[in-house]
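Architecture at a glance
Residue-level listing of the chains:
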Protein chains: 2
Amino acid sequence: MVVELVSVGTELLLGNIVNTNASFLAEKCAALGLACYYQTVVGDNEERLIDTLKLALSRSDVVILCGGLGPTPDDLTKETAAKVMQMPLVEDIYTKKRIEEYFKNSQWKVIPDNNWKQAFVPKGAKVVDNNNGTAPGIIMEKNEKVVILLPGPPNELIPMFNQGIAPYLNSLQPEIIYSKMVKLVGIGESQVADEISDLIENQSNPTIATYAKTGEVHLRITAKAKDEESAKKLIKPMVKELKQRFGVNIYSTKEEETLEAATVALLQKYNLSLTTAESCTGGLLSGRLVNVPGVSKVLKQGFITYSDKAKRKLLDVNKSTLKMYGAVSEETVKEMAKGGIFATDSDICLAVTGIAGPDGGTAEKPVGLVYIGCYIKDKIFVKKYEFKGNREKIREYAVVRALDLLRRCILEQYS
Amino acid sequence: MVVELVSVGTELLLGNIVNTNASFLAEKCAALGLACYYQTVVGDNEERLIDTLKLALSRSDVVILCGGLGPTPDDLTKETAAKVMQMPLVEDIYTKKRIEEYFKNSQWKVIPDNNWKQAFVPKGAKVVDNNNGTAPGIIMEKNEKVVILLPGPPNELIPMFNQGIAPYLNSLQPEIIYSKMVKLVGIGESQVADEISDLIENQSNPTIATYAKTGEVHLRITAKAKDEESAKKLIKPMVKELKQRFGVNIYSTKEEETLEAATVALLQKYNLSLTTAESCTGGLLSGRLVNVPGVSKVLKQGFITYSDKAKRKLLDVNKSTLKMYGAVSEETVKEMAKGGIFATDSDICLAVTGIAGPDGGTAEKPVGLVYIGCYIKDKIFVKKYEFKGNREKIREYAVVRALDLLRRCILEQYS
C-alpha cells in the first residue's frame, strides 16, 4: 500500500518552521510497512491544495494531510479535502461536545465563535479524537482511496497518530505490521552493518532497517503476520540474536526510550547519585540528563569548570597536573572526576574535558580531542576520543559518549 | 519570479532525517523576494524524479534540487536533471582539478574511482564551487527556465547557497533584493505586530516580514532597488524607525548573530566575567552560552544546583529561606545569584530556579513558574515568569529569558 504525505502551511513555504511532522510521519509509515514515494508542502491556498491532493490521490492509496485545520478563515484543508472527495461538511454533535469540554477544562473558559467551524466534519467520515487541542482528526474513505487529515501542531499530531491513525492504517492491510526498536550506542553504523550483513542478506520476514542518529544506531525489526501475536513471535528470535551479537552496546529496546532516560533508569535502579563535571560540554551533559522527568532523585548537582582556575577551585585539580599535562588530558579528567566526588557526596562523578574548537587545537591536541572520565566505586575509567565535525557536533558526540561510558560503568560495577 | 524546492533522497522519505535544507532554502528564497508555492521530497528514483522535475518546471521559473549528487551509483539527480533539460554530461576539467585538490588536502589522499563521476557537468551549465566537499553546485539555464543542483549535506549546501546561488538568483531579477534582520527578545509576537501594524499596512518598499522563534521575534526588512546601495538606502530609515519603537528589545541587527552571541559580545565589550547558577534549566543556560566560540574569556564556571542541599552547599542559600519560601521563589533565586558571586570572583551571576514539570506543580506554584535572578554591580534584579508548554519548552523559554535579563542588566548598568 502506498501512502503520500502533504504538509499544508504557508509558514513551511516561507521557511518559518522546520517540517518535523513529515519526518515523524514518514518514519512511522515506514514502520507500518507502507511505501512512501512523495512528500509535498503546499500553502493555505485552495487551488493549489486541490491540484496537490488530486495528484496525490492519482498515484497513492492513502494521502495524509497535516496542518490547516485551525479555526481561522485561512485554514482550509478540511473544506478543500471535503470538496475533492465530494463529501459535504455537516455538524458533528460528538465533536461539538468535545470542543465544549475542551474549553471548559482550559484557561479560556469562553469558546471563540471561530472554533465551532471545527465541529463540522465531512459526511460519512470517521472522527479521531484530539486530546490536546480542538481540531479533530478525520479519516475519509471513498473509491478505494483514503484521505486522512491531522492537525499541524506536533503535540496534537503525534499522540493522535500513535493512538488513532496507526491502528487504522494497520487495519487496512491484509497482514498486520509490527515492529520493535533495538537501540545501540558506542558502535559505528558501518560496524553494525558489517555485523548484521548476513541477517540483512537473508532477511524476508522480519526485516531490519538501520537508522543512524548522532552517536547512536537504531535498528527497527519489522514483521508482517496475520495478528500481533504472530508478528511478535517472528520478531522475538531476531531481537534475541541481536542481543547476543551486540550485548552491552544495546541500551534499549523500547520505542520511546532515549539514551539519557535509559541511563537515568540505571542510576535509579541501583539507587546511585551522580555529579557532573563539565569543561568543553559546558552544561550540555547535565542539561541532557535533566530532560528526564524525575532525574532530581539521582542528579543533585553539577559543576561547569570552563577555566583552569575553576577546575582547581571547584574540583581541586592540581595546579601541577594542569601545567604538566594540560586541561585536556587523561590526568586532568581523572582529577576532575575525583574532585567532583570529594566536593559532593555522590556515588558517581562523570567528567568531560576537550577541545570543541574552532580555535585552541594543536598538532598534538587537535580540535575534537575529548577525554571522558567516570569515577565509580573508588575506580576511575577514562576514554579518549577524537571527534570530527564543528563545535556543536563535537560537543554533541561528547555528551552521547559520556552517557554511554556512565551506562557501561554502572552495568559493569553493579549488575 | 517563482521558485520551487525539490529535495531528493530516500532517507527523507523514510523519515531517517529531518528536512532542514528545505526550511533553510525557503527562508533564503523568501528573503530574496522569490515566491515559493511548492516543496517536494522524492526518492533516488529516476522515473519519479523526472515526473517531479517536469511538473515543477511547468509551474515555476526556477527549480532548486538538493541531494543526490554523491559519488555512488544510486545518486542520480544530476544525470536525471541533465536528461530532462537535454544537456548531455561532459567532463569539466576545472571541477576535476578541484576534486584532485580537495582530496590532496583531505585525510584520504587517494581519490576513490567513484568520485570522478562528480567531475561531469551538463554541457553549457555553470559550475558553482563547493569548498566543503567534492560535488559542485550546478546551474542550468534553458528556455527561460533555471534548474539549480545543490549537494545535500547542509555544511556544503548552506555556504554554497550564500556565496554562489543567492547572488545568482538576485542577478536574474530586474531589481536587486536586499534585506536586513532586526532581532527582538522579551516582547511577544502579537505586541510586535500591534506596534508595527501602521508600518505593515502602509508598506510597499521596503516590506516587513515577522518570524516567531522560541521567545524571540525576528523582523526581516526587504527592499527592492536597482542596486544594493539604493536598497540599503531604502532599508536604513525603516531600521531606524524600528530601533526607535523597540529600543532595548532589539538585541541584534546582524543576520547570523544569535541571542547568546550578542550577550557574550556585551560581556566581552565591558570585560565582565559571568557565573551561572542553574536549577530547573540544569546546565542548558550555560550550554547555550558555550555555543559561542571564545566564551571562555568571560564564562569561567557555573553551578548546577538541582537539590536543596546543593543550593545550600555550593551557593550558600539559607536553610531557612528554602524552608520558608521554597526552592522556587524570589528569595531563593536572589540567594542563589548572590551565592554564585561569593563562591567565585565573577562580576555577574545569573541564577534560574523553576518548576519544569511534568510533576511538582501546585495551585500556588504551577508547572512553568520560573524565577530568574541577575546579580550585577552589587544589585540583584529578579524576574518572575509563568511559562506554558511541556518540560522542554519551559526550560527553553527560561534560557531565552535569562539571557535577555542578563543583556538588559549589562546595558542598564554599564552603557
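As a reminder, the structure under discussion sits directly above these lines.
Keep in mind that this is a model prediction, so the values were computed, not measured.

Looking only at helices and strands, chain A has 15 helices and 17 strands in total. Within chain A, the proportion of its 415 residues that are buried is 53%. Long-range pairs, those at least 24 residues apart, make up 68% of the contacts in chain A with a sequence separation of at least 6. For chain A, the accessible surface area stands at approximately 17,900 Å², while carbon and sulfur atoms represent 50% of it. The averaged location of the 51 negative side-chain charges in chain A is 5 Å from the averaged location of its 53 positive side-chain charges.

Glancing now at the relation of the copies chain A and chain B. Mapping chain A onto chain B calls for a screw motion: a turn of 180° about the axis and a shift of 0.1 Å along it, with 0.2 Å RMSD after fitting. Considering both components of the superposition, the chain copies are consistent with a two-fold axis. Comparing interface residues between copies, 100% of those in chain A also sit at the interface in chain B, which points to an isologous, same-surface contact.

The next subject is the sheet that holds strand β15 (residues 348-354) of chain A. Working definition: the strands of a sheet are paired by backbone hydrogen bonds and lie parallel or antiparallel to each other. Here we have ten strands laid out as an open sheet, ordered β17(A)-β16(A)-β15(A)-β13(A)-β14(A)-β14(B)-β13(B)-β15(B)-β16(B)-β17(B), and mixed in their pairing. On the outer flanks of this sheet lie β17 (379-386) of chain A together with β17 (379-386) of chain B, each paired with one strand and no other. Strand after strand, the sheet turns through a mean of 10° between neighbouring axes, direction not considered. In the packing of helix α12 (residues 308-315) of chain B onto the sheet, contacts are made with β14 (299-305) of chain A together with β13 (274-278), β14 (299-305) and β15 (348-354) of chain B, and the angle to β14 of chain B comes to roughly 145°. Sitting on the sheet, helix α14 (residues 330-343) of chain B touches β13, β14, β15, β16 (369-376) and β17 of chain B, and the angle it makes with β15 of chain B is about 145°.

Before going further, it helps to spend a moment on the interface of chain A and chain B. The accessible area lost on association of the parts is a frequent measure of interface size. Chain A puts 65 residues into the contact, and the matching count from chain B is 65 residues. Per-residue buried area on chain A facing chain B is highest for Gln39, Ile304 and Tyr306 of chain A; these three make up 12% of the total on that side. At the boundary of chain A and chain B, one finds two salt bridges. Where Asp345 of chain B meets Lys309 of chain A, a salt bridge forms, and the shortest distance between an N and an O atom there is 2.8 Å. Linking chain A with chain B are 28 residue pairs in polar contact (both at pLDDT 80 or more), by the criterion used here. Tallied by class, the residues present in the side of chain A that touches chain B amount to 29 nonpolar, 24 polar and twelve charged.

Per the stated rule, a full pass over the model turns up nine aromatic pairs over all chains. Between Tyr385 of chain A and Phe387 of chain A, the aromatic rings sit 5.1 Å apart at their centres with planes inclined by 15°, giving stacked as the arrangement. Phe387 of chain A gets classed as buried once you look at its relative accessible area, which sits at 9%. Just above the ring of Trp116 of chain B sits the side chain of Lys96 of chain B; from NZ or CZ to the centre is 5.4 Å. Over the ring of Tyr414 of chain B we find Lys377 of chain B; its NZ or CZ atom is 4.6 Å from the centre of that ring.

This part is about the packing of helix α2 (residues 20-31) of chain B against helix α6 (residues 154-172) of chain B. Residues and elements named next belong to chain B. Where α2 contacts α6, the axes come no closer than 11 Å and their chain directions differ by 10°. When the interaxial angle is binned, α2 and α6 end up roughly parallel. Residues Thr20, Asn21, Phe24, Leu25, Lys28 and Cys29 of α2 form the contact with α6, whose own contacting residues are Pro154, Leu157, Ile158, Phe161 and Asn162. For the contact of α2 with α6, the class distribution of residues is seven nonpolar, three polar and one charged.

Moving on, we get to helix α4 (residues 77-84) of chain A. All names here are of chain A. With six of its eight residues buried, α4 lies for the most part within the structure. Those residues of α4 that fall on the buried side of the exposure criterion are Thr77, Lys78, Thr80, Ala81, Ala82 and Val84. Within two residues after α4, Gln86 carries a phi angle of roughly 55°, on the positive side.

Okay, helix α3 (residues 46-59) of chain A next. For α3 of chain A, built from 14 residues, the straight-helix expectation of 20 Å at 1.5 Å per residue is met to within 8% by its first-to-last C-alpha distance of 20 Å. Within α3 of chain A, the full set of buried residues consists of Leu49, Ile50, Thr52, Leu53, Ala56 and Leu57 of chain A. Tucked inside the fold, the buried residues of α3 of chain A contact β1 (2-8), β2 (35-42), β3 (62-66), α4 and β8 (145-150) of chain A together with β2 (35-42) of chain B. Its side-chain oxygen placed 3.2 Å from the backbone nitrogen of Glu47 of chain A, Asn45 of chain A serves as the N-cap of α3 of chain A.

Following the criterion strictly, the structure yields 39 salt bridges over all chains and no others. A salt bridge links Lys232 of chain A to Glu228 of chain A; the shortest N-O distance between them is 3.4 Å. Note that Lys232 of chain A and Glu228 of chain A are positioned in helix α9 (residues 228-246) at a spacing of four residues, about one turn of the helix. Taking the shortest distance from any N to any O, the salt bridge between Lys393 of chain B and Glu396 of chain B comes out at 3.9 Å. You can see Lys393 of chain B and its partner Glu396 of chain B sitting in helix α15 (residues 391-414), three residues apart, about one turn around the helix. Classification of Lys393 of chain B by relative accessible area gives partly exposed; the value is 31%.

With that settled, the discussion passes to the side chain of Glu27 of chain B. Here Glu27 of chain B shows up in helix α2. Judged by its relative accessible area of 16%, Glu27 of chain B is buried. The residues contacting Glu27 of chain B, other than those within four sequence positions of it, are Leu14 and Gly15 of chain A together with Met181, Tyr211, Lys213 and Arg220 of chain B.

For the rest of this paragraph, the subject is unusual backbone geometry. Backbone phi values are negative for most residues with the exception of glycine, while trans is the configuration of most peptide bonds. The omega torsion of the bond from Asn205 of chain B to Pro206 of chain B falls at 10°, within 30 degrees of zero and hence cis. On the secondary structure map, Pro206 of chain B appears in the loop between α8 (197-201) and β10 (207-213). Here the amide bond leading from Gly357 of chain B into Pro358 of chain B is cis, since omega sits at 0°, within 30 degrees of zero. By secondary structure assignment, the location of Pro358 of chain B is in the loop between β15 and β16. Even without being glycine, Asp378 of chain A reaches a positive phi, approximately 60°.

Residue and element names in this part refer to chain A. Where α3 meets α4, the closest approach of the two axes is 10 Å, and the angle between their N-to-C directions is 50°. If you check the angle between α3 and α4, you find them oblique. You can see that α3 and α4 cross each other, and the crossing is right-handed. Together, Glu46, Leu49, Ile50, Leu53, Lys54 and Leu57 of α3 and Thr77, Thr80, Ala81, Lys83 and Val84 of α4 make up the contact between the two elements. Its residues assigned to classes, the contact of α3 with α4 comprises six nonpolar, two polar and three charged.

Before going further, it helps to spend a moment on the sheet that holds β10 of chain B. Residues and elements named next belong to chain B. If you walk across this open sheet you meet the four strands as β10-β11-β9-β12, and the pairing is antiparallel. Two strands lie at the open edges of the sheet, namely β10 and β12 (250-252), each paired on one side alone. Direction aside, neighbouring strands of the sheet carry axes that sit 35° apart on average. Inspection of the sheet shows β10 paired to strand β11 (residues 216-225) by seven bridges, in the antiparallel sense. Bridging from a neighbouring strand, Tyr211 pairs with His218 of β11.

Mapping Ile17 of chain A onto the fold places it in the loop between α1 (10-13) and α2 (20-31). Overall, Ile17 of chain A belongs to the partly exposed group, its relative accessible area being 39%. Discounting residues that sit within four places of it in the chain, Ile17 of chain A has contacts with Glu11 and Leu12 of chain A together with Ser23 of chain B.

Conventions used here
Residues numbered from 1 in each chain as written. Chains lettered and ligands numbered in written order. Predicted model: local features only at pLDDT ≥ 70, side-chain atom pairs only at ≥ 80, totals over all residues. Heavy atoms only, no water. Helix = DSSP H or I, 4+ residues; strand = E, 2+ residues; numbered from the N terminus. Buried < 20%, exposed > 50% of the residue type's maximum accessible area, 1.4 Å probe, protein only. Contact = heavy atoms within 4.5 Å. Areas by Shrake-Rupley, 256 points an atom, 1.4 Å probe, with all protein chains shown as cover. Lys, Arg positive; Asp, Glu negative; His and termini not counted. Charge placed at Lys NZ, Arg CZ, Asp CG, Glu CD. Least-squares fit on C-alpha atoms with pLDDT ≥ 70 in both. Pairing = 2+ DSSP bridges. Axes fitted to C-alpha atoms, helices over the stretch in contact; angles between N-to-C directions. Buried area = accessible area lost by both parts, 1.4 Å probe. Salt bridge = Lys/Arg side-chain N within 4 Å of Asp/Glu carboxyl O. Polar contact = N/O pair within 3.5 Å; in protein donor to acceptor, adjacent residues only side chain to side chain. Nonpolar A, V, L, I, M, F, W, Y, C, P; charged D, E, K, R; others polar. Phe/Tyr/Trp six-rings, centres within 6.5 Å; stacked < 30°, edge-to-face > 60°. Lys NZ or Arg CZ within 6 Å of the ring centre and 35° of its normal. Parallel < 35°, antiparallel > 145°, perpendicular 65-115°, else oblique. Expected span 1.5 Å × (residues − 1). Left-handed = near helix turned anticlockwise from the far one by under 90°.

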